[in-house]
Amino acid sequence: MLLEVNNLIKRYGDFLALDHITFAVKEGEIFGLLGPNGAGKTTTISIISSLTQYDGGEVKFLGKEIKRHEMEVKQELGIVPQEIAIFEDLTAYENLDYFGRLYGLRGNLLKERITEALAFTGLTDRRKDRPKGFSGGMKRRLNIACAILHHPKLIIMDEPTVGIDPQSRNHILQSIKELNKMGSTIIYTSHYMEEVEEICTRVAIVDHGRVIAQGTKEELTALVSTEEKLVIELSSVNYTVVEQIKSISSIRECIIKGNSLEVVGKKGEHNVSRVINLLTEAGIEILSLNVEKPSLEAVFLTLTGRSLRD
Amino acid sequence: MNILSIAYYTFIRNIRDVKAMLAFILLPILMILILGKALDSAYTPKKIDPMNVGYFSKDDGLLNNSLNEFFTAKETRTILEVKKVNTFKDGMDQVKSGKLKGLVYLEKGMSNSYENGEHVNINFYSKEKNSYVQPVLESFVRTFNIGNTLIKINGQQVQPNSNPSIIKEVKIVTEGKIPRGIDYYSLTALFQSLLFGAIFGVFAITKDLGNHTNLRMNTAPIQTSKIILGKLAGSTLTLYGISLFIFLISKFVFQANLNGSLWLILLVLFLFSAIAVAFGMILAYISKSTMTSALSIFIIGTILTLVAGGFSRMDGKVIEMLSYLSPNTYAQKALFTNIFEGTFTQSNIFGLVIYTIIVIALTFITGRRRVA
Ligand SMILES: Nc1ncnc2c1ncn2[C@@H]1O[C@H](COP(=O)(O)OP(=O)(O)O)[C@@H](O)[C@H]1O
Ligand SMILES: [Mg+2]
């Protein structure tokens, strides 16, 4: 295990921000921390990066307690803070030079790494500019560049796509995958379920300072999904068919939405073929059919009774 | 060295803050102008009783005649009451007993030597190091030496109970030894503005809170104390640069008398810049706010300047005691005594060093507290 977080407790006064948070990150994976605002993601990351002290539990990096090996561990971490953390009064190049030096890089190696990070984040052309004139997306990219200069073993990204346009967001998600391919382990926190679903190999769902579920996406959805949802687009709809579908015992719900039917039923009861049979018998043409797999959103909803974006 | 990188970039970021740089260069210049010019009369002693000075001349030529004329001139007599003495020994005795404030003595044949183009000395003996008879004599020499400087004042200090032959050379300055308003205020206003320059210490902390770079610095593998030291060094360098610039302006543009030991001036300005920056960092670490810190700097800085006599000289036991809480007191005294009396007062320099150490220690204490 690259990182082990065991029963981490953090209090702010009487408020329990982290309540026995436990998860582990393996070398080479993109590990997602998914949870709504206020769940405790940033607090967890602050503790891992030795910014914040904690009240109980332990954090181990490569088996070493981080409290006792602070500098050693810090050298191996690359932190992308939730808030953009760059010097507005220094150029992109100078920002990288400054932070590179803080991680002990010097001379030609430092120059190489800066060139590499600029190219990787697509900022080479703007290296001599101060971030004042940068778009939100460019600032976010510089924020990432500053964290990868020293080739850290573990890159921790705290909501790196907040407040930017879809194009920059895709660029960032792609580069995270690329970093991972090049050998970095990544912890990715977000309250955007789609992002986590897209890039993470394993996920811990966090709420109210607790991990309420963790595993691969498949493991998580299997955990909660006993139902499946069919969305069927039809040439026309007639009510007799709807009644017939509703009368199937394994089907719980059938709703008409314009020219479409949304059918929710128990998994594994051949609902798809039964519904198709009824429709063809009634002479209704099926334009499209989609079986929706449950999303992490649904997992969260089922486990907490709330939506992620509440 | 991480500390050097932090110091370097702190310095670069400071000097890129054009508004702050301009403000902190113009502020002291304005203050020196206003205080120095407007309060000139308030500072300069208003009425001086003429000083009793003895005169004994073995010379009977041109110099003796001119000096006699000079002593009896109306302008001279408002300052000096010159009394001829019969022998050199009589004059020296009166100086020692305090009856006379000084003795002016011309050697035999001086005028001849002078006319032959030789260098000659007008001897002046006094018990006081900073007697203002000397500048008066110098003004005589200046009017006499049109173009060639053959005559020098040979200022000598008489030790109270010693043989007249054991005399101590006194440093002679070309300008008056009585500080004028501009001399006084160019220093006090400089130190006051340097206190306000504590804002560069504040910036070193609050700017990093504002753009969240403190997070990045604190997650980097570098000890907090090194970060503090780097920032302290970078901002101190900035303020030190400003202080040297103001010093040069005071000296060469305002023509203030700042002819003390250059090393001492460099040292005092450096220590003072460090004190101011550390003071700003402490306020920023405690308040975490630029506005609160700036306001505190303004209020505390004004009080520290006031008790140190930065606006006008103040007297009284309480003020004197309070004045030792102000770093300005040590800095001003160290420089004034050096410039106007030609001495090094170790207690003031020592006081300033101790002050620096205490303030920097407090910076580390406040800066290392971890934010929960
Ligand atoms: N410095 C703090 N003082 C008090 N409460 C805090 C502090 N930082 C975070 N919290 C609280 O702790 C909880 C977790 O916050 P955070 O870790 O930022 O959540 P997330 O990053 O998942 O949105 C929130 O309820 C937040 O209000
Ligand atoms: Mg957060």
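Since we're looking at a predicted model, the values are computed, not measured. Here, residues in each chain are numbered from 1, in the same order as that chain's written sequence. Throughout, the order in which chains and ligands are written sets their labels, letters from A for the former and numbers from 1 for the latter. Whole-chain, interface and lining totals are the exception, using all residues; otherwise, since this is a predicted model, local features are given only for residues with pLDDT of at least 70 and side-chain atom pairs are given and counted only at 80 or more. Each side-chain value is worked out from all heavy atoms of the structure, with water and hydrogens disregarded.

Asker: Would you explain the sheet that holds strand β1 (residues 3–12) of chain A in this entry?
Answerer: The pairing of strands in a sheet happens through backbone hydrogen bonds and is either parallel or antiparallel. Residues and elements named next belong to chain A. Any two strands with at least two DSSP bridges between them are considered paired. Put simply, DSSP marks the helices as runs of H or I at least four residues long and the strands as runs of E at least two long, and each gets a number from the N terminus on. Strand order in this open sheet of four strands is β2-β1-β4-β5, and the pairing throughout is antiparallel. Because the sheet does not close on itself, it has two edges, and the strands there are β2 (15–25) and β5 (64–65). Looking at chain direction, β1 and strand β4 (residues 56–61) are connected through five bridges and run antiparallel. Within β4, the position partnered with Glu4 by the bridge is Lys60.

Asker: What exactly am I supposed to notice about the site of ligand 1 here?
Answerer: Residues and elements named next belong to chain A. Definition of nearness: a residue and a molecule or strand are near each other if at least one heavy atom of the residue lies within 4 Å of the molecule or strand. Near ligand 1, the surroundings consist of Tyr12, Phe15, Ala17, Pro36, Asn37, Gly38, Ala39, Gly40, Lys41, Thr42 and Thr43. Between ligand 1 and Gly40, the relevant distance is 2.9 Å, taken from an oxygen atom to a main-chain nitrogen or oxygen of the residue. Calculation on ligand 1 without its partners gives an accessible area of 560 Å², and the protein chains cover 61% of this total. For the shell around ligand 1, the elements supplying multiple residues, two or more each, are β2 and α1 (41–48). Here the element with the most residues in the shell around ligand 1 is α1; it accounts for three residues. Here a polar contact means two N or O atoms within 3.5 Å. Within protein one must be a hydrogen donor candidate and the other an acceptor candidate, and residues neighboring in sequence count only if both atoms are side-chain atoms. Computed with the Shrake-Rupley method and a 1.4 Å probe, the accessible areas treat only the protein chains shown as cover for residues.

Asker: Is there a simple way to explain the coordination of the magnesium ion (ligand 2) in this structure?
Answerer: Tetrahedral coordination by four donors puts the ideal angle at the metal at 109.5 degrees, and octahedral coordination by six puts it at 90 or 180 degrees. Residue and element names in this part refer to chain A. Note on donors: an N, O or S atom is included if it sits within 2.8 Å of the metal, or within 3.2 Å for Na, K and Ca, and water is never included, so sites can look incomplete. Coordination sphere of the magnesium ion (ligand 2), protein contribution only: Thr42 (OG1) and Gln82 (OE1), at 1.9 to 2.2 Å. Of the two residues, Thr42 sits in helix α1 while Gln82 sits in the loop between β6 (77–80) and α3 (92–102), which places them 40 residues apart along the sequence. Per-residue accessibility, obtained with a 1.4 Å probe over protein chains only, is compared with the maximum for each type, and a residue is labelled buried under 20%, exposed over 50%, and partly exposed between these values. The exposure class of Thr42 is partly exposed, given its relative accessible area of 32%. Overall, Gln82 belongs to the partly exposed group, its relative accessible area being 26%.

Asker: Which parts of the structure should I look at to understand the interface of chain B and chain A?
Answerer: Often, the extent of an interface is quoted as the loss of accessible area on bringing the components together. Across the contact, 26 residues belong to chain B and 33 residues belong to chain A. Here chain B and chain A share an interface that buries about 2,800 Å² over both sides, 56% of which is from carbon and sulfur atoms. The term salt bridge refers to a pairing of a side-chain nitrogen on Lys or Arg with a carboxyl oxygen on Asp or Glu at a separation within 4 Å. Here chain B is connected to chain A by two salt bridges. With a shortest N-O distance of 2.8 Å, Glu94 of chain A and Arg16 of chain B are connected by a salt bridge. For the pair chain B and chain A, the number of links is ten residue pairs in polar contact (both at pLDDT 80 or more). Contributing elements (two or more residues each) for the side of chain B that touches chain A: α1 (2–16), α10 (199–210) and α11 (213–219) of chain B. Here the side of chain B that touches chain A gets eight residues from one element, more than from any other, and that element is α1 of chain B. Per-class residue counts for the side of chain B that touches chain A are eleven nonpolar, nine polar and six charged. Contacts between residues were defined by any pair of non-hydrogen atoms, one from each residue, lying within 4.5 Å. Summed over both partners, the accessible area (1.4 Å probe) lost when two parts come together is defined as the buried area. Charged residues are taken to be Asp, Glu, Lys and Arg, nonpolar residues to be Ala, Val, Leu, Ile, Met, Phe, Trp, Tyr, Cys and Pro, and polar residues to be all remaining types, Gly included.

Asker: Whenever I open this one, unusual backbone geometry confuses me. Can you help?
Answerer: What is expected of a backbone is that most residues other than glycine have negative phi and most peptide bonds are trans. Non-glycine residue His208 of chain A carries a positive phi angle of around 50°. With respect to the helices and strands, the residue His208 of chain A is situated in the loop between β9 (202–207) and β10 (210–215). If you check the backbone angles, His212 of chain B has positive phi at about 65° while not being a glycine. Within the fold, His212 of chain B resides in the loop between α10 and α11.

Asker: Just to check I follow, could you spell out the packing of aromatic side chains for this structure?
Answerer: How two aromatic rings sit relative to each other is set out by the distance from centre to centre and by the angle between their planes. Pairing of aromatic side chains here covers Phe, Tyr and the six-membered ring of Trp, requires ring centres within 6.5 Å, and sorts the geometry by plane angle: under 30 degrees stacked, over 60 edge-to-face, intermediate tilted. Taken as a whole, this structure holds 17 aromatic pairs over all chains when the rule is applied. Taken together, a centroid distance of 4.7 Å and an interplanar angle of 50° make the contact between Phe88 of chain B and Tyr105 of chain B tilted. With Phe88 of chain B in helix α6 (residues 88–97) and Tyr105 of chain B in strand β3 (residues 102–106), this residue pair connects regions lying 17 residues apart in the sequence. What makes Tyr105 of chain B buried here is its relative accessible area of 11%. Judged by centre distance (6.0 Å) and plane angle (55°), the ring pair of Tyr324 of chain B and Tyr330 of chain B falls under tilted. Of the residues examined, Tyr324 of chain B reaches a relative accessible area of 33% and is grouped as partly exposed. An aromatic cluster is built from Phe87, Tyr98 and Phe99 of chain A together with Tyr8 and Tyr9 of chain B, whose rings are joined through pairwise contacts. Think of it as a cone above the ring: NZ of Lys or CZ of Arg counts as a charge over the ring if it is within 6 Å of the ring centre and within 35 degrees of the ring normal. Positioned above the aromatic ring of Phe203 of chain B, the side-chain terminus of Lys207 of chain B is 4.8 Å from the ring centre.

Asker: Any chance you could explain the pairing of β10 of chain A here in plain terms?
Answerer: Where a strand is regular, its side chains alternate between the two sheet faces. Residues and elements named next belong to chain A. In this sheet, β10 lies alongside β9 in antiparallel orientation, the contact comprising five bridges. Note on β10: the bridge partner recorded for Ile205 is Ala213. In textbook terms, the turn of a hairpin is the stretch between consecutive antiparallel strands, and for β9 and β10 this stretch comprises two residues, one of which, His208, has a positive phi near 50°.

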